[in-house]
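Next come the chains, spelled out residue by residue.
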Amino acid sequence: MSGIVKRFVPLMDRVLVQKVKSEAKTATGILLPETAQPAPNWAKVLAVGPGRRTKEGELLPMSVKIGDTVVVPEYGGMTLKFDNEDYHVYRDEDFMGIVQEE
């Protein structure tokens with residue numbers, strides 16, 4: 001994972017995330033094939049751009065930071081493949097929310 005973070009730098013208000021892997025087992029211990037697993041809608045933020053500029057040139061701060069767990073939309077963003085791993089790039093405004101640790 002660290003290889004992509006060093007090689008890919010998001011521009012403007014873009015954010016690089018990797019979706020959290022879903023559980024391969026049910027609560028009763030049954031193993032699920034990949035096709036039967038629900039698609040995860042949570043992702044871990046790996047890299048963040050500097051932010052978007054207003055018409056006046058002011059830099060708007062990003063609402064997420066590296067290490068946050070965010071809720072991503074089902075559709076949208078752009079998929080990147082590095083070292084046989086899938087990563088996604090979204091705009092800062094596309095995130096539904098941040099998942100807080102308990």
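These notes cover the structure that comes with them. Quantities reported herein were computed from a predicted structural model and do not represent experimental measurements. (Residues numbered from 1 in each chain as written. Predicted model: local features only at pLDDT ≥ 70, side-chain atom pairs only at ≥ 80, totals over all residues. Heavy atoms only, no water.)

### What to know about unusual backbone geometry
So, step 1. A positive phi is found at aspartate 83, a non-glycine position, where the angle reads about 50°.
So, step 2. Along the chain, aspartate 83 falls in the loop between β6 (78–82) and β7 (85–91).
So, step 3. Judged by relative accessible area, aspartate 83 falls into the exposed class, the value being 62%.
So, step 4. With phi around 60°, asparagine 84 is a residue other than glycine that occupies positive phi space.
So, step 5. For asparagine 84, the position within the fold is in the loop between β6 and β7. (Helix = DSSP H or I, 4+ residues; strand = E, 2+ residues; numbered from the N terminus. Buried < 20%, exposed > 50% of the residue type's maximum accessible area, 1.4 Å probe, protein only.)

### What about the pairing of β7?
So, step 1. Note that strand β1 (residues 14–19) and β7 share four bridges and pair antiparallel. Its bridge partner lying in β7, leucine 16 is registered against valine 89.
So, step 2. Direction of pairing for β6 relative to β7: antiparallel, over a ladder of five bridges. Counted as the bridge partner of phenylalanine 82 is glutamate 85 from β7.
So, step 3. Hairpin remark: β6 followed by β7, antiparallel, with two residues in the connecting loop; positive phi at aspartate 83, about 50°. (Pairing = 2+ DSSP bridges.)

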